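Coordinate analysis (summary)
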Amino acid sequence: LDENHANLMQQAWGEVELLVRAQDVVEWQDTMKCCRGDRVRFRIHFLNTGKEMMRNVTLRVIVPTGMTFESGSVILYNGSHPDGVALNDNLFADSAMNIGDYNPGGGTYVYFWAKVDEVNDDKNICYRVLLETNGGYITKADTVNILVDALE
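A quick note: this is a predicted structure, and the numbers were derived from the prediction, not measured. (Residues numbered from 1 in each chain as written. Predicted model: local features only at pLDDT ≥ 70, side-chain atom pairs only at ≥ 80, totals over all residues. Heavy atoms only, no water.)

**Let's talk about the nonpolar core**
The following threshold applies: The nonpolar core is taken to be a set of buried Ala, Val, Leu, Ile, Met, Phe, Trp, Tyr and Cys residues, with the residues joined through side-chain atoms within 4.5 Å. With a 1.4 Å probe rolled over the protein chains alone, any residue whose accessible area is under 20% of its type maximum counts as buried; one over 50% counts as exposed, and the rest are partly exposed. Should any heavy atoms of two residues lie within 4.5 Å, those residues are counted as being in contact.
Within the largest apolar cluster, 32 residues are counted, with the highest numbers of intra-cluster contacts made by F42, I44, M67, L91 and I146. For I44, the contacting residues outside a window of four places in its chain are V16, E17, L18, L59, V61, L91, T108, Y109, V110, F112 and L131.

Rendered as structure tokens:
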């Protein structure tokens, strides 16, 4: 890396994490096992760990075929919305969702629901849900795996 590029990366850096849990489970995981028809909850955590404000941070989630996003279930929590605010479904659009500007040390949590489709199949399936984020000079991604047992 050229020295100037490394300096920009250090000034504008962030962390992003995608986790999942079953509807009746408390613990968040990066891989979970479930059954067809189960409802699952997702949590996105974004944190600006850099030295400069990150403007126009965007999030985009790709839910694979075989899972259905629950429309109207996206809720964002941050310093401006400590009790949460409902967001539109742009989180799943190709254009992504702008979740605002974040000062150093600032961050947000975004939650949403999806359901594992009821498919008549005798094979186990692994769904991978992808999160992409972009803010300032960074683009990062994270994934979770949802393992569907054909016998349950």
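**What about the packing of aromatic side chains?**
Stated precisely, the cut-off is as follows: Two rings from Phe, Tyr or Trp (for Trp, the six-membered ring) form a pair when their centres are within 6.5 Å of each other. A pair whose planes differ by under 30 degrees is stacked, one over 60 is edge-to-face, and the rest are tilted. Under the scheme used here, helices are H or I runs from DSSP no shorter than 4 residues and strands are E runs no shorter than 2 residues, and both carry numbers assigned from the N terminus. As a reminder, the over-ring test applies to NZ of lysine and CZ of arginine, requiring each to be within 6 Å of the ring centre and within 35 degrees of the ring normal.
Under the counting rule described, the total for this entry stands at eight aromatic pairs. Between F42 and F112, the aromatic rings sit 4.7 Å apart at their centres with planes inclined by 10°, giving stacked as the arrangement. In this pair, F42 sits in strand β3 (residues 39–48) while F112 sits in strand β9 (residues 107–116), placing the two residues 70 residues apart along the sequence. Take F42 and F112: they sit in the same class, and that class is buried. Seen from their ring centres, Y109 and Y111 are 6.4 Å apart, and the 20° between their planes marks the pair as stacked. Y109 sits in the partly exposed class, given a relative accessible area of 33%. Judged by relative accessible area, Y111 falls into the buried class, the value being 16%. An aromatic cluster of three or more residues is present, and its members are W28, Y77, Y109 and Y111. One Lys or Arg, R21, reaches over the ring of W28 and ends 4.8 Å from the middle of that ring. Positioned over the ring face of W113 is R39, at 3.8 Å from the centre of the ring.

**Notes on the pattern of salt bridges**
Rule in force here: By definition, a salt bridge exists where a carboxyl oxygen of Asp or Glu is found within 4 Å of a side-chain nitrogen of Lys or Arg.
Per the counting criterion, the structure on display carries four salt bridges. Salt-bridge contacts for R60 lead to D94; the nearest nitrogen and oxygen are separated by 3.4 Å. With R60 in strand β4 (residues 54–62) and D94 in the loop between β7 (81–86) and β8 (97–102), this pair connects stretches of sequence that are 34 residues apart. Residues E132 and R60 are paired through a salt bridge, measuring 2.8 Å at the closest nitrogen-oxygen approach. Of this pair, E132 sits in strand β10 (residues 125–135) while R60 sits in strand β4, and the two are 72 residues apart along the sequence. Several salt bridges converge on common partners, so that one network encompasses R60, D94 and E132.

**Quick word on the environment of E118**
The topology assignment puts E118 in the loop between β9 and β10. With relative accessibility at 63%, the residue E118 sits in the exposed group. Distance from E118 to R36, taken between C-alpha atoms, is 4.9 Å for residues 82 residues apart in sequence. Once residues lying within four places of it in the same chain are set aside, the contact partners of E118 are R36 and G37.

**Some words on the environment of E27**
Mapped onto the elements, E27 comes out in the loop between β1 (14–22) and β2 (31–34). Not counting residues within four places of it along the chain, the set of residues in contact with E27 comprises V20 and R21.

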